[in-house]
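Letter by letter, the chains look like this.
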Amino acid sequence: QLVLTDGHPNCVENNRACSTLMPKREDVNIDSQLLLWDSSAKGAEECQRIIKECDKQPSLDQSSDEGLFHICLASDCVHFQEFHCGLFATIARTLTVGGVALLCQ
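Residues numbered from 1 in each chain as written. Predicted model: local features only at pLDDT ≥ 70, side-chain atom pairs only at ≥ 80, totals over all residues. Heavy atoms only, no water.

### Topic: helix α2 (residues 41-54)
- Helix length check: α2 (14 residues) gives 20 Å between terminal C-alpha atoms against 20 Å at 1.5 Å per residue, within 8%.
- Buried within α2 are the following residues: Gly43, Cys47, Gln48, Ile50, Ile51 and Cys54. Around the axis of α2, the buried residues are gathered within 160 degrees of arc, so they sit on the same side. Opposite its buried face, α2 presents the exposed residues Ala41, Lys42, Glu45 and Lys52, each directed more than 90 degrees away.
- Residues of α2 that are buried sit in contact with β1 (2-6), β2 (30-34), β3 (69-75) and α3 (84-94).
- The opening residue of α2 is Ser40, an N-cap whose side-chain oxygen sits 3.3 Å from the backbone nitrogen of Lys42. (Helix = DSSP H or I, 4+ residues; strand = E, 2+ residues; numbered from the N terminus. Expected span 1.5 Å × (residues − 1). Buried < 20%, exposed > 50% of the residue type's maximum accessible area, 1.4 Å probe, protein only. Arc of directions from axis to C-beta. Contact = heavy atoms within 4.5 Å. Polar contact = N/O pair within 3.5 Å; in protein donor to acceptor, adjacent residues only side chain to side chain.)

Right, here's the structure in full:
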């Protein structure tokens, strides 16, 4: 499962269009979702929504705050300091225990 997220609807649509150009693989599903970085309770709800939509493991307890993703790759995302708290909260909410976050600038 590969989930591409962005906070701008046009970028989400662009990611969807680009993913259709990728060679199809049966073992990889590519999805593109709108996700704003938000450290509030609303941000937590949005992270859980994405996890629920992407989760194919019936054993995951969705009532917990456990993330689903093993890797989070954020590229060119740390230049605006006012969004750091929301960015890091979003990463923490979506990564599984032991997951890896890669921040590339």
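Resuming the write-up.
### Points about the packing of α2 against α3
- The N-to-C vectors of α2 and α3 enclose an angle of 40 degrees; their axes lie 10 Å apart at closest approach. Considering the angle they form, α2 stands oblique to α3. For the element pair α2 and α3, the recorded crossing hand is right-handed. Contacts from Gly43, Ala44, Cys47 and Ile51 in α2 reach Thr90, Arg93 and Thr94 in α3.
- Across the contact of α2 with α3, the residue classes tally to three nonpolar, three polar and one charged. (Axes fitted to C-alpha atoms, helices over the stretch in contact; angles between N-to-C directions. Parallel < 35°, antiparallel > 145°, perpendicular 65-115°, else oblique. Left-handed = near helix turned anticlockwise from the far one by under 90°. Nonpolar A, V, L, I, M, F, W, Y, C, P; charged D, E, K, R; others polar.)

### As for the nonpolar core
- By size, the foremost hydrophobic cluster in this structure holds eight residues: Val3, Leu35, Cys47, Ile50, Ile51, Cys54, Leu68 and Phe69.
- With four residues, the top contributor of residues to this core is α2.
- Formed by six residues, the second largest nonpolar core is a distinct cluster that contains Cys72, Cys77, Leu87 and Leu95. (Core = buried A, V, L, I, M, F, W, Y, C linked by side-chain atoms within 4.5 Å.)

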